[in-house]
Amino acid sequence: MDKVAHFPGLGYAGADSRYCGVATRRTILTAPAEGETMAKSAKEEAQARAEASFKRKELQARDGKLALTEYETSVRATREKTARLKELREAKEAADREAAAKNPVVKGKKK
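Note that this is a predicted model, so its numbers are computed, not measured.

Parameters at a glance
Residue indices begin from 1 for each chain and proceed along its sequence in written order. Residues qualify for local features only when their pLDDT is at least 70, as the model is predicted, and side-chain atom pairs are given and counted only at 80 or more; totals for whole chains, interfaces and linings, by contrast, use all residues. Excluded from the side-chain calculation are hydrogens and water; included are all heavy atoms of the structure. Counting from the N terminus, the helices are the DSSP runs of H or I reaching at least four residues and the strands are the DSSP runs of E reaching at least two. Each residue is placed in one exposure class: buried if its accessible area under a 1.4 Å probe, protein chains only, is under 20% of its type's maximum, exposed if it is over 50%, and partly exposed if it falls in between. Contacts: residue pairs with any heavy atoms within 4.5 Å of one another. For accessible areas, the Shrake-Rupley method is used with a probe of radius 1.4 Å. Any residue's cover is judged against the shown protein chains and nothing else. pLDDT: the predictor's confidence for each residue, scored from 0 to 100.

(A) Geometry of the overall build of the protein. Within the protein one finds one helix and two strands. Listed N to C, the secondary structure of the protein is β-β-α in terms of helices and strands. In the protein, buried positions account for 6% of the 111 residues. A sequence separation of at least 24 residues applies to 13% of the contacts in the protein between residues at least 6 apart. Taken as a whole, the protein presents about 10,600 Å² of accessible surface, with 57% of it coming from carbon and sulfur.

Here it is, written out as structure tokens:
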């Protein structure tokens, strides 16, 4: 039977899992699966950490570029929409001024 670490408040790690079911920064190791060795060499561990760090940074860079592109697109769309609405408002105001000039409002006499 596999040995499984149990930590109150952090959940229970299943037989095949390598970490607790609760999302934490700390990984809780259990007994190795069949065919795995208990310890890696320090060089292999360093290599694995470096590769994981590189992949994480690569994903962050890609996500950053995507977020910047989305931001720039939304800013451009907002500017275009604002300009279009401004043109429509100015055209309406000009039409209202022309209509007011053609049909002046006559005020009634006070008694």
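We are not done yet, so read on.
(B) Fine view of the confidence of the model for the protein. The share of residues in the protein with pLDDT of 70 or more is 64%, and the mean pLDDT across the chain is 79. The spread of mean pLDDT over the elements of the protein runs between strand E2 (residues 11-12), the lowest at 50, and helix H1 (residues 42-102), the highest at 96.

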